[in-house]
Amino acid sequence: MRVIDLIIKKRNNKALTTEEIKWLIDNYTNGNVTDYQMSAFLMAVCFNGLTDRETVDMTLAMRDSGEILDLSSINGIKVDKHSSGGVGDKVSLVLIGIIAALDVPFAKMSGRGLGHTGGTIDKLESIPGFNTDLTIDEFIENVNSIGVAIAGQTSELAPADKKLYALRDVTGTVDEVSLIASSIMSKKLASGCDKIVLDVTVGSGAFMKNPREAMILSKKMVDIGKSCGKETVAVLTNMDEPLGNSVGNALEVVEAIRTLKGYGPADLLEVVYAIGAQMLILAKKANTVDEAVSLMKATIDNGSAYNKFIEFVERQGGDTSYIRNYDPLITPSIIREVKAESSGYVQKIDGTLIGHASLILGGGREELTDEIDPAVGIVVNKKVADKVKTGQVLAFIYANDEKNVDKAYKEIVSAYTISEREISRPKMILNVIK
Ligand code: URA
């Protein structure tokens, strides 16, 4: 087989065979297919898509590009959770404490930032000393002893996705339904969990901009999970503005800590409880959403979720003094206020523009080798439906380099739509697909 023939085939909107997809993924993983050839193929997929059969083939080829974890030595039902990505999405960070405090094993493989969205691994690495580079044995040992472990994608687990993920991030080939479905499901199927909960984000801060696309993505992923014998539930959640108030790696860790201490923003908590409830139901810890939500609320009220988060950070090498006193994590050299240029009610905050502002400040990668600055980001002070007067602070920019601030400022101003019309707060949970 020749890679150029496969690129041309997809460019001409023809379906590749199972063998062709496996060959392409295997040869990309072992370096025989170059990044520039794979970029061309990915772009052809963005224009022409993959059939359902091709998506399953791609998922399985990526799953089989490395090891498939055996988590059978961990007691209990292992439920994994994954988000299709968003701006300010720190749901996993909060769930680490809550789910493990309820004695449900949480063994999670997470990713880095992608496009305008952040990644759990980058966020956790803003805690000094925190190590996400666990061996498989360490990963299993941590879940067995403290109930939770989070690892970055090792080169052993779905290495094809690891390479493709980084390549898509810098080639404008992220937001295609089949690529997202196969990326997420290949990792989840390789990670050895028993059941899967997917947070499929919808709106301006997500890759899926409308509920129709999000439904297609959800159904694809739920079907792939079921066809591989893993019960899978997708929750469609609103990402039409940044989730919570903070965007940026350390800022989001701090917001997660504050949430675990009982000071979480309402929209974030709503999503945390909706996703957590499905996890607890699949793990047979609760029978109904209401029962699951009361269990979760209790872990915040009695401090067990916060204590579990500290135990988790300590176990993965992080300096817990930064959890107890987090101010040093978020002390950039520059804090600039972004002021409202008109009065009224906030109608919209374009999540992608806020995500771009964070990228400009150094909170994400524009090239494969870019280093992230953990301390930078944006604190959203006025959310959708809030009343605002000219001159009031819409958002704060946290920066370390003056040259980025003006550009980020412009993105943030243009992200906001303000008008006279009074509106109600957006609904956060749009659908649950089983
Ligand atoms: N998360 C993933 O793991 N992959 C994607 O493609 C998008 C979000």
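Calculation notes
- Residues numbered from 1 in each chain as written.
- Predicted model: local features only at pLDDT ≥ 70, side-chain atom pairs only at ≥ 80, totals over all residues.
- Heavy atoms only, no water.
- Helix = DSSP H or I, 4+ residues; strand = E, 2+ residues; numbered from the N terminus.
- Rg over C-alpha atoms; globule rule 2.2 N^0.38 Å.
- Buried < 20%, exposed > 50% of the residue type's maximum accessible area, 1.4 Å probe, protein only.
- Contact = heavy atoms within 4.5 Å.
- Areas by Shrake-Rupley, 256 points an atom, 1.4 Å probe, with all protein chains shown as cover.
- Lys, Arg positive; Asp, Glu negative; His and termini not counted.
- Charge placed at Lys NZ, Arg CZ, Asp CG, Glu CD.
- Phe/Tyr/Trp six-rings, centres within 6.5 Å; stacked < 30°, edge-to-face > 60°.
- Lys NZ or Arg CZ within 6 Å of the ring centre and 35° of its normal.
- Expected span 1.5 Å × (residues − 1).
- Arc of directions from axis to C-beta.
- Near = heavy atom within 4 Å.
- Polar contact = N/O pair within 3.5 Å; in protein donor to acceptor, adjacent residues only side chain to side chain.
- Core = buried A, V, L, I, M, F, W, Y, C linked by side-chain atoms within 4.5 Å.
- Pairing = 2+ DSSP bridges.
- Axes fitted to C-alpha atoms, helices over the stretch in contact; angles between N-to-C directions.
- Right-handed = clockwise from strand over helix to strand, strands pointing away.

Novice: Outline the overall build of the protein chain, listing residues and values.
Specialist: A tally of regular secondary structure across the protein chain gives 17 helices and 13 strands. The C-alpha radius of gyration of the protein chain comes to 21 Å, within 12% of the 22 Å expected for a compact globule of 434 residues. If you line up the protein chain on its principal axes, its C-alpha atoms span 60 × 45 × 40 Å. The 434 residues of the protein chain split such that 60% are buried. Partitioning the contacts of the protein chain with sequence separation of at least 6, the portion at a separation of at least 24 is 78%. Just so you have it, the protein chain exposes about 16800 Å², and 49% of that area is on carbon and sulfur atoms. One way to put it: in the protein chain the 49 positive side-chain charges average out to a point 4 Å from where the 58 negative ones average out.

Novice: An account of the packing of aromatic side chains is requested, with residue identities and associated values reported.
Specialist: Applying the stated rule across the entire model yields 2 aromatic pairs. Judged by centre distance (5.8 Å) and plane angle (50 degrees), the ring pair of Phe 309 and Phe 312 falls under tilted. On the criterion of helical spacing, the pair formed by Phe 309 and Phe 312 is a turn pair, its members being 3 residues apart in helix H14 (residues 304-315). You'll find Phe 309 and Phe 312 in the same group, each marked buried. Feature note: the residues Phe 130, Phe 309 and Phe 312 constitute an aromatic cluster, connected by ring pairs. In this structure, Lys 163 is placed above the aromatic ring of Tyr 28, and the distance from its NZ or CZ to the ring centre is 4.3 Å.

Novice: Which residues make up helix H13 (residues 289-301), and what are the values?
Specialist: When the terminal C-alpha atoms of H13 are compared, their 18 Å separation across 13 residues agrees well with the 18 Å that a helix rising 1.5 Å per residue should span. Within H13 the residues assigned to the buried category are Ala 292, Val 293, Met 296, Thr 299 and Ile 300. Along the axis of H13, the buried positions cluster into a sector of 120 degrees, meaning they face one direction only. Of the residues in H13, the exposed ones pointing more than 90 degrees away from the buried face are Asp 290 and Asp 301. The elements touched by buried residues of H13 are helix H5 (91-101), helix H11 (249-263), helix H12 (266-282) and H14. Of the residues one or two after H13, Gly 303 is the one with positive phi, at around 80 degrees.

Novice: Could you give an account of the site of the ligand, with specific residues and numbers?
Specialist: The ligand sits among His 82, Ser 83, Ser 84, Leu 114, Tyr 165, Arg 168, Ile 180, Ser 183, Ile 184 and Lys 187. Between the ligand and the protein, one listed contact pairs a nitrogen atom with a side-chain N or O atom of Ser 183 at 2.7 Å. Relative to its unbound accessible surface of 240 Å², the ligand loses 97% to contact with the protein. Elements that contribute at least two residues to the shell around the ligand include exactly strand E1 (79-83), helix H8 (159-169) and helix H9 (177-190). In terms of residue count, the dominant contributor to the shell around the ligand is H9 (4 residues).

Novice: Describe in detail the nonpolar core, supporting the description with residues and values.
Specialist: Counting 62 residues, the largest nonpolar core has Ile 98, Met 296 and Phe 312 as its most contacted members. At the level of secondary structure, the elements contributing two or more residues to this core comprise H5, helix H6 (120-124), strand E3 (148-152), strand E5 (231-238), H11, H12, H13 and H14. Per element, the largest residue contribution to this core is 11 residues, and it comes from H12. Residues Ala 340, Val 380, Ala 395 and Ala 415 belong to the second largest nonpolar core, which totals 27 residues.

Novice: Tell me about the sheet that holds strand E11 (residues 393-399), and please be specific about residues and values.
Specialist: In space, the 4 strands of this open sheet follow the order E6-E9-E11-E7, with antiparallel pairing throughout. Looking at strand neighbours, the two that pair on one side only are strand E6 (246-247) and strand E7 (334-339), the edges of this open sheet. As judged from the 6 bridges shared by E7 and E11, these two strands associate in the antiparallel manner. The partner of Ile 334 across the bridge, within E11, is Ala 399. Sitting on the sheet, helix H16 (residues 351-361) is in contact with E6, strand E9 (377-380) and E11, with an inclination near 145 degrees to E9.

Novice: Go over the sheet that holds strand E8 (residues 344-349) with me, naming the residues and quoting the values.
Specialist: Pairing within the open sheet is antiparallel, and its 3 strands lie in the order E10-E8-E12. Both outer strands of the open sheet, strand E10 (387-388) and strand E12 (416-419), are each paired with one neighbouring strand and no more. As defined by bridge partners, E8 adjoins E10 across 2 bridges and the pair is classed as antiparallel. Across the sheet, the residue bridging to Gly 344 is Val 388, located in E10.

Novice: A description of unusual backbone geometry should follow, citing residues and the corresponding values.
Specialist: Phi is positive for Asp 103, close to 65 degrees, though the residue is something other than glycine. When you line up the elements, Asp 103 lands in the loop between H5 and strand E2 (106-110). Taking relative accessible area as the criterion, Asp 103 reaches 67% and is therefore assigned exposed. Of note, Lys 284 is a non-glycine position whose phi angle comes to about 65 degrees, a positive value. You can see Lys 284 is positioned in the loop between H12 and H13.

Novice: Quick rundown of H9? Include the residues and the values.
Specialist: If you check H9, its first and last C-alpha atoms are 20 Å apart, about what 14 residues at 1.5 Å a residue would give, namely 20 Å. In terms of residue burial, H9 counts as a mostly covered element, since 14 of its 14 residues are buried. Measuring from the backbone nitrogen of Ser 178 back to the side-chain oxygen at the start of H9 gives 2.9 Å, which picks out Glu 176 as the cap. In the segment just after H9, Gly 192 is the residue with positive phi, at about 80 degrees.

Novice: Break down the pairing of strand E4 (residues 195-202) for me, with residues and values.
Specialist: For E4, the tally of buried residues reaches 8 of 8 residues, placing the bulk of the element in the interior. Across 5 bridges, the pairing between E1 and E4 is parallel. Its bridge partner lying in E4, Asp 80 is registered against Ile 196. Two elements, E4 and E5, share 8 bridges in a ladder whose sense is parallel. Bridging across to E5, Val 197 finds its partner in Val 233. In this fold, the crossover linking E4 to E5 by way of helix H10 (residues 211-227) has right-handed handedness.

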